[in-house]
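Residues per chain are reported as follows:
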There are 2 protein chains.
Amino acid sequence: MSKLSSGGNVSQAVVRRLSRYYRHLHEMLQEDVHRISSQKLADRLGLTASQIRQDLNCFGGFGQQGYGYNVEILLREIGGILGVRRGLAAILIGVGNMGRALCNNFDFSWAGIRLIGIFDNNPDVVGSTVGGFTVQAIERLDAFAERRRPDIAVLTLPRELAPAMAERLTRLSVRGLWNFTGADLHLSIEGAAVENVNFADSLLTLSYRVGELL
Amino acid sequence: MSKLSSGGNVSQAVVRRLSRYYRHLHEMLQEDVHRISSQKLADRLGLTASQIRQDLNCFGGFGQQGYGYNVEILLREIGGILGVRRGLAAILIGVGNMGRALCNNFDFSWAGIRLIGIFDNNPDVVGSTVGGFTVQAIERLDAFAERRRPDIAVLTLPRELAPAMAERLTRLSVRGLWNFTGADLHLSIEGAAVENVNFADSLLTLSYRVGELL
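Residues numbered from 1 in each chain as written. Chains lettered and ligands numbered in written order. Predicted model: local features only at pLDDT ≥ 70, side-chain atom pairs only at ≥ 80, totals over all residues. Heavy atoms only, no water.

Caption draft 1: Examining the sheet that holds strand β8 (residues 152-155) of chain B more closely. Residues and elements named next belong to chain B. Taken in spatial order, the 7 strands of this open sheet run β6-β7-β5-β4-β8-β9-β10, and their pairing is mixed. The open sheet has two edge strands with one neighbour each: β6 (129-130) and β10 (193-196). Examined bridge by bridge, β8 and strand β9 (residues 176-179) share 4 bridges and lie parallel to one another. Of the residues in β9, the one forming a bridge with Ile152 is Gly176. (Pairing = 2+ DSSP bridges. Helix = DSSP H or I, 4+ residues; strand = E, 2+ residues; numbered from the N terminus.)

What follows is the structure in structure tokens.
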């Protein structure tokens, strides 16, 4: 048992880095790379080799001096910590452009998540097929959730509807909200983890860095 | 001149936090909040008061003991550092679901960015109007860029087309790539800042946090 996995109290920053490691290690296996040095891994992720060693050496003897990391073992260990084998079930609320982009182009299964239902309140959209799913009427949400027990909800509905929907979902025992609405749900929601995908923060960061180049 | 703005070498983590401060301060002004304590600001952002003070006290005397921060001054200072008044111009490449979601629902101007043109290679889409913009044929990109000199390109085209497009754009003197494609452009692109919006990392982070709650 590694230090990271036994503690259960990994900091948010480390979890974020582990997620990036996981994605890159996954890509490496697909590229048939089975062993990698901390320096090469650092180049690939835009980190320093010493940061890589600090993050990964607590996984035990997988990073041997002059030998590199075993990609497969590292992937399995990190995947275990992140919980990708728990097979969490997700629903998506709001089949507008953002919802469609995720349903059509995003591979949930890669992160160990099963998308099990998608919902909208627009009668013109309900009943149509998006990403292989039939869009269900939002009125059916409660009955569906009680029967299928989704762990995670992807919120791609309009921002002003987000707080009430988040409350409804937590009452339905949904434990994680993947929030694309721009509403700051951590202010009001208890008992569920909220991951905000905030495009504005990302664009401001880019703007700053472009300014450094001008 | 604050320590942060004079240096020009703010760490990526600080820039990210400044972006979040900027967004929240902006919202506070809209809510008619003009002064806020470090503790209240911390609650709102999910940070500690001491972290807030550490980040913001270098802006000079705006955070007085028992008095709180002046929201308007702080907003202006942080906006200055992030460069929101430079008025950078952006183009968007790829008017699929993700591109449409951004054109229709995202306020670029809020971050000081002017969207000046959107492009696609699909003849069925070219000529249609999305978010107030007429979609231009990708063949017109080079002539457009030479005339209008965009600073930033939003990449919402398919992943496999991203590396070649990124190269083309940097040849056209685009200095920032806001990358939604999932391709790891920092591996190959020089001379431009790349901000990757990676949904997979975000979902894995949520998955981990949901696991802590189960």
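Caption draft 2: Summary view of the sheet that holds strand β8 (residues 152-155) of chain A. All names here are of chain A. The strand order across the open sheet formed by 7 strands is β6-β7-β5-β4-β8-β9-β10, and the pairing between neighbours is mixed. The sheet terminates laterally at β6 (129-130) and β10 (193-196), the two strands that pair on one side only. In the sheet, strand β5 (residues 113-120) pairs with strand β7 (residues 133-137) via 3 bridges, with the strands oriented parallel. If you follow Phe119 over to β7, its bridge partner there is Gln136.

Caption draft 3: Here's a closer look at the pattern of salt bridges. Summed over all chains, the structure comprises 16 salt bridges over all chains. Between Asp201(B) and Arg23(A) there is a salt bridge, with its nearest N and O atoms 2.8 Å apart. Of this pair, Asp201(B) sits in helix α9 (residues 199-213) while Arg23(A) sits in helix α2 (residues 12-30), placing the two residues on different chains. According to the relative accessible area criterion, Arg23(A) is buried, its value standing at 7%. Salt bridges sharing common partners tie together Glu27(A), Glu31(A), Arg44(A) and Arg159(B). (Salt bridge = Lys/Arg side-chain N within 4 Å of Asp/Glu carboxyl O. Buried < 20%, exposed > 50% of the residue type's maximum accessible area, 1.4 Å probe, protein only.)

Caption draft 4: Inspection of the packing of aromatic side chains at higher detail. Applying the stated criterion across every chain yields a total of 19 aromatic pairs over all chains. Where Phe180(A) meets Phe199(B), the ring centres are 5.4 Å apart and the plane angle is 80°; that geometry is what we call edge-to-face. Here Phe180(A) is found in the loop between β9 (176-179) and β10, whereas its partner Phe199(B) is found in helix α9 on a different chain. Side by side, Phe180(A) and Phe199(B) carry an identical accessibility label, which is buried. Look at Tyr22(B) and Trp110(B): their rings are 5.4 Å apart centre to centre, the planes differ by 65°, and that puts the pair in the edge-to-face class. (Phe/Tyr/Trp six-rings, centres within 6.5 Å; stacked < 30°, edge-to-face > 60°.)

Caption draft 5: Just the interface of chain A and chain B, in detail. Between chain A and chain B, the residue contacts involve 67 residues of the former and 67 residues of the latter. Roughly 5,600 Å² is buried in total at the junction of chain A and chain B, and carbon and sulfur atoms are behind 64% of that figure. A per-residue breakdown of the area chain A buries against chain B is headed by Leu203(A), Leu204(A) and Tyr208(A), which together make up 13% of the total. At the surface where chain A touches chain B, the tally comes to 6 salt bridges. Linking chain A with chain B are 16 residue pairs in polar contact (both at pLDDT 80 or more), by the criterion used here. Those elements that provide at least two residues to the side of chain A that touches chain B are α2, α3 (38-45), α5 (71-82), α6 (97-105), β9, β10 and α9 (199-213) of chain A. At 15 residues, the largest contribution of residues to the side of chain A that touches chain B is made by α9(A). (Contact = heavy atoms within 4.5 Å. Buried area = accessible area lost by both parts, 1.4 Å probe. Polar contact = N/O pair within 3.5 Å; in protein donor to acceptor, adjacent residues only side chain to side chain.)

Caption draft 6: Focus on the relation of the copies chain A and chain B. Once chain A is rotated about the relating axis by 180° and shifted along it by 0.0 Å, it coincides with chain B to within an RMSD of 0.0 Å. These values place the two chain copies in the arrangement generated by a two-fold rotation axis. Measuring from the rotation axis to each C-alpha of chain A, the shortest distance belongs to Asn97(A), at 2.4 Å. (Least-squares fit on C-alpha atoms with pLDDT ≥ 70 in both.)

Caption draft 7: Up close: the pairing of strand β4 (residues 88-93) of chain A. Residue and element names in this part refer to chain A. For β4, the buried fraction is high: 6 of the 6 residues fall into the buried class. Here β4 shows two buried faces, one formed by Leu88, Ala90 and Leu92 and the other by Ala89, Ile91 and Ile93. On the question of chirality, the crossover connecting β4 to the parallel β5 by way of α6 is right-handed. Of the strand pairs in this sheet, β4 and β8 are connected by 4 bridges, and their pairing is parallel. Across the sheet, residue Ile91 finds its bridge partner in β8, namely Ala153. (Right-handed = clockwise from strand over helix to strand, strands pointing away.)

Caption draft 8: Highlighting the nonpolar core. Of all hydrophobic cores here, the largest spans 106 residues; its most connected members are Leu102(A), Trp178(A), Phe199(A), Leu102(B), Trp178(B) and Phe199(B). Excluding anything up to four places from it in sequence, Trp178(B) contacts Phe199(A), Ser202(A), Leu203(A), Leu206(A), Leu102(B), Phe106(B), Phe108(B), Ala153(B), Val154(B), Leu155(B), Glu195(B) and Val197(B). (Core = buried A, V, L, I, M, F, W, Y, C linked by side-chain atoms within 4.5 Å.)

Caption draft 9: Quick look at the environment of Gly132(A). Among the secondary structure elements, Gly132(A) is positioned in the loop between β6 and β7. In this structure the C-alpha to C-alpha distance between Gly132(A) and Cys103(A), which are 29 residues apart in sequence, comes to 8.2 Å.

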